Amino acid sequence: MKKRIFVFVLTAILCFAAIVFGAAAPKSRAVPMEIVAGENVHKLTCRVPLNKDVMRISKYKKSFALFCNNEFSGDEKGFLRYLDSEFYEELEEVCEKEYLAPQEPAAIFSADGFSYIDGKDGVKIDRKKLFSDVIISLDCGGAVIAEKKAVSPVRTVEELKKNTVAAATFRTDYSRSADGRKRNIELACERLNLSEIPSRGWLGFNATVGERTVENGFGNAKIILNGEYVEGIGGGVCQVSTTLYNAWLTAGYAVAASSNHSLPTSYVPPSLDAMVSSVSDLILYNDSDYPAYISALCDGKQIKITVYGRKPRYKIKLRSETVKIVPSKYVEKNDENITWEEGEKSRIIKKAYDGVYSRAYREYYSGDRLIKSEKIKDSYYKVRDGEIVIRKPENVI
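Residues numbered from 1 in each chain as written. Predicted model: local features only at pLDDT ≥ 70, side-chain atom pairs only at ≥ 80, totals over all residues. Heavy atoms only, no water.

Remarks on the overall build of the protein chain
When helices and strands are counted, the protein chain shows 10 helices and 22 strands. Across the 397 residues in the protein chain, those meeting the buried criterion constitute 40%. A separation of at least 24 residues holds for 70% of the contacts in the protein chain among residues at least 6 apart in sequence. Element-wise, carbon and sulfur atoms account for 52% of the exposed surface of the protein chain, whose accessible area totals about 23,000 Å². (Helix = DSSP H or I, 4+ residues; strand = E, 2+ residues; numbered from the N terminus. Buried < 20%, exposed > 50% of the residue type's maximum accessible area, 1.4 Å probe, protein only. Contact = heavy atoms within 4.5 Å. Areas by Shrake-Rupley, 256 points an atom, 1.4 Å probe, with all protein chains shown as cover.)

Written as structure tokens, this is what we have:
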């Protein structure tokens, strides 16, 4: 009986000792370290756990470097995460703080053309070298020199020069326009000129040119509204948006939104016009890897819009196809209140316009060989009946 009591007491004492001394035993070893990055010194501490897994290092003569190489196949990141994840994250933060991004070269677009600014190298810590040196220093701690290396810009000035060429130019004539219409065209071109559309970026015509109001500088001129020619503020601006639309398409870029007029225009074939208004916009999308630039000039006779950017792989032509004509007619009106000229027998007081169903294509050529053809859009232009007055015989002189 006494023997059993002795064994029980001894067992209890041993268990208590194991609990007390086991709890008091350190679970990790603190290894202070200084990461020296140029003039900056970052003080960190790695908590090396004293568990069975890490104690396997002993068979590599306590070398953390050999342990990492043999047990982690040289994966420094994986080993440091395994060892002390917080310490690893602090190392990553040091690398981020010491990172200096490279300065990319830039193209400057002005009325004089393009000028270019050279890029500059950035600097970053050699992570692989730093992590390897840190692992080697885990045995005793101390200072670790964080070596840096240059980070080159992604692009070069030569690349920019190759991607700031005149991709397409389109012209329309406005020489016979009234003075008010000419002023609206010239104001719209002035505001559009020298626009830059970044890679994967957008240009909204309305936002660029501004609202067509008297307060915004625009005046009265003929506009097309619901199949009729009427007076309206900003008449002529649609010719600028249409010229831009054709230049942009010919340069090979994407168009996100466009609308045609309700009547055909005189300055481009059907389906190749781009009407803009307070509720309709022309939205261009730069689907290339480089910026695109717009030159919009006018001289009182022609609108000339050039798109600069990457050179299209193929020569691009736009083609309009009339699918169907809806004939218009003239409705005869009486000749009351008409002052007739000598010998005049009839007078058109409202011009008739045939209705038109049309389609536009963008075609890609290699030399004279058509590579592919893609439909741009289908359009419908309203039929508009005209009005004519036939002079009555008793009014003929």
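Notes on the packing of helix H3 (residues 64–71) against helix H4 (residues 76–83)
Contact pair H3 / H4: the axes reach a minimum separation of 10 Å and the direction vectors enclose 115°. As the angle between them shows, H3 and H4 are arranged roughly perpendicular. As for how H3 packs across H4, the hand of that crossing is right-handed. The residues of H4 that touch H3, namely those facing Phe-64, Phe-67 and Cys-68, are Glu-76, Phe-79, Tyr-82 and Leu-83. (Axes fitted to C-alpha atoms, helices over the stretch in contact; angles between N-to-C directions. Parallel < 35°, antiparallel > 145°, perpendicular 65-115°, else oblique. Left-handed = near helix turned anticlockwise from the far one by under 90°.)

Some words on the packing of aromatic side chains
Aromatic ring pairs are described here by two measures, namely the spacing of the ring centres and the angle between the planes. Inspection of every chain in the model, using the stated rule, returns 11 aromatic pairs. For the ring pair Phe-109 and Tyr-308, a centre distance of 5.5 Å and an interplane angle of 55° mean the geometry is tilted. Note that Phe-109 is positioned in strand S3 (residues 106–110) and Tyr-308 in strand S16 (residues 302–309), a separation of 199 residues in sequence. With relative accessibility at 15%, the residue Phe-109 sits in the buried group. Over the ring of Trp-340 we find Arg-347, and its NZ or CZ is 5.5 Å from the ring centre. (Phe/Tyr/Trp six-rings, centres within 6.5 Å; stacked < 30°, edge-to-face > 60°. Lys NZ or Arg CZ within 6 Å of the ring centre and 35° of its normal.)

Looking at the nonpolar core
When a protein is soluble and globular, its nonpolar side chains tend to lie buried together. Ranked by internal contacts, the top residues of the largest apolar core, which has 38 residues, are Leu-192, Phe-205, Val-240, Leu-244, Leu-282 and Ile-305. Elements supplying a minimum of two residues to this core: strand S8 (165–173), helix H8 (179–192), helix H9 (205–209), helix H10 (237–250), strand S15 (292–298) and S16. Within the second largest apolar cluster, 26 residues are counted, among which are Cys-68, Phe-79, Leu-80 and Phe-87. (Core = buried A, V, L, I, M, F, W, Y, C linked by side-chain atoms within 4.5 Å.)

Digging into the pairing of strand S12 (residues 228–233)
Where strand S11 (residues 220–225) lies against S12, 6 bridges are found, and the strand directions are antiparallel. Bridged to Ile-223 within S12 is Val-230. (Pairing = 2+ DSSP bridges.)

Details of the sheet that holds strand S19 (residues 346–350)
What the 3 strands build is an open sheet, ordered S18-S22-S19; its pairing is mixed. A single partner strand is all that each edge strand has here, and the edge strands are strand S18 (330–333) and S19. Direction aside, the axes of adjacent strands within the sheet are offset by 35° on average.

Thoughts on the environment of Lys-311
Take Lys-311: it is sitting in the loop between S16 and strand S17 (315–326). In the structure, Lys-311 is positioned 146 residues away from Val-165 in sequence and 6.3 Å away in space, judged by C-alpha atoms.

As for the packing of H8 against H10
Where H8 meets H10, the axes come as close as 8 Å, and the angle between the chain directions of the two elements is 45°. With respect to H10, the axis of H8 lies oblique. Considering the relative orientation of H8 and H10, their crossing is right-handed. Contacts between H8 and H10 involve Arg-181, Asn-184, Ile-185, Ala-188, Cys-189 and Leu-192 from the former and Val-237, Gln-239, Val-240 and Leu-244 from the latter.

What to know about the confidence of the model for the protein chain
Predicted confidence across the protein chain gives a mean pLDDT of 89, with 89% of residues reaching 70 or more. Counted against residues more than four places away or in other chains, residues 16–25, with its pLDDT under 50, gives 2 contacts. (pLDDT = per-residue confidence, 0-100.)

Observations regarding the sheet that holds strand S1 (residues 28–37)
If you trace the 3 strands from one edge of the open sheet to the other, you get S2-S1-S6, paired in mixed fashion. Either end of the sheet is taken by a strand with one partner, and the two such strands are strand S2 (40–49) and strand S6 (142–145). Shown here is a sheet whose adjacent strand axes are inclined to one another by a mean of 30°, direction ignored. Pairing analysis gives 10 bridges linking S1 to S2, with the strands arranged antiparallel. Each bridged residue has a counterpart across the sheet, and for Ala-30 the counterpart in S2 is Arg-47.

Some thoughts on the pattern of salt bridges
Side-chain pairing between opposite charges can occur once the charged atoms of the two side chains come close. Under the defined criterion, the tally for this structure stands at 17 salt bridges. We note a salt bridge from Glu-231 to Lys-222, for which the minimum N-O separation is 4.0 Å. In this structure, Glu-321 and Arg-319 form a salt bridge, with 3.6 Å as the shortest nitrogen-oxygen distance. Of the residues examined, Glu-321 reaches a relative accessible area of 28% and is grouped as partly exposed. Members of the salt-bridge network, linked through shared partners, are Arg-319, Glu-321, Arg-359, Glu-363, Lys-375 and Asp-378. (Salt bridge = Lys/Arg side-chain N within 4 Å of Asp/Glu carboxyl O.)

Here's the deal with a nonpolar patch on the surface
Together, Val-323, Tyr-357, Tyr-380 and Val-383 line one region of the surface with nonpolar side chains, adding up to about 320 Å² of accessible area. Mapped onto the elements of the fold, Tyr-357 is located in strand S20 (residues 355–366). (Patch = residues over 30% accessible without salt bridge, like charges linked within 9 Å, V, L, I, M, F, W, Y side chains within 5 Å.)

Here we look at the side chain of Ser-280
With respect to the element layout, Ser-280 can be found in the loop between strand S13 (254–257) and strand S14 (283–285). In terms of polar contacts, Ser-280 uses its side chain to reach the side chain of Ser-259, at 3.2 Å. Once residues within four sequence positions are removed from consideration, Ser-280 is found in contact with Asn-206, Ser-259 and Met-275. (Polar contact = N/O pair within 3.5 Å; in protein donor to acceptor, adjacent residues only side chain to side chain.)

A short note on the environment of Leu-263
Assignment of secondary structure puts Leu-263 in the loop between S13 and S14. C-alpha of Leu-263 to C-alpha of Asp-354: the two residues are 91 residues apart in sequence and 8.9 Å apart in space. Beyond its immediate sequence surroundings of up to four residues, Leu-263 is in contact with Ile-224, Gly-227, Glu-228, Tyr-229, Tyr-353, Tyr-381, Lys-382 and Arg-384.

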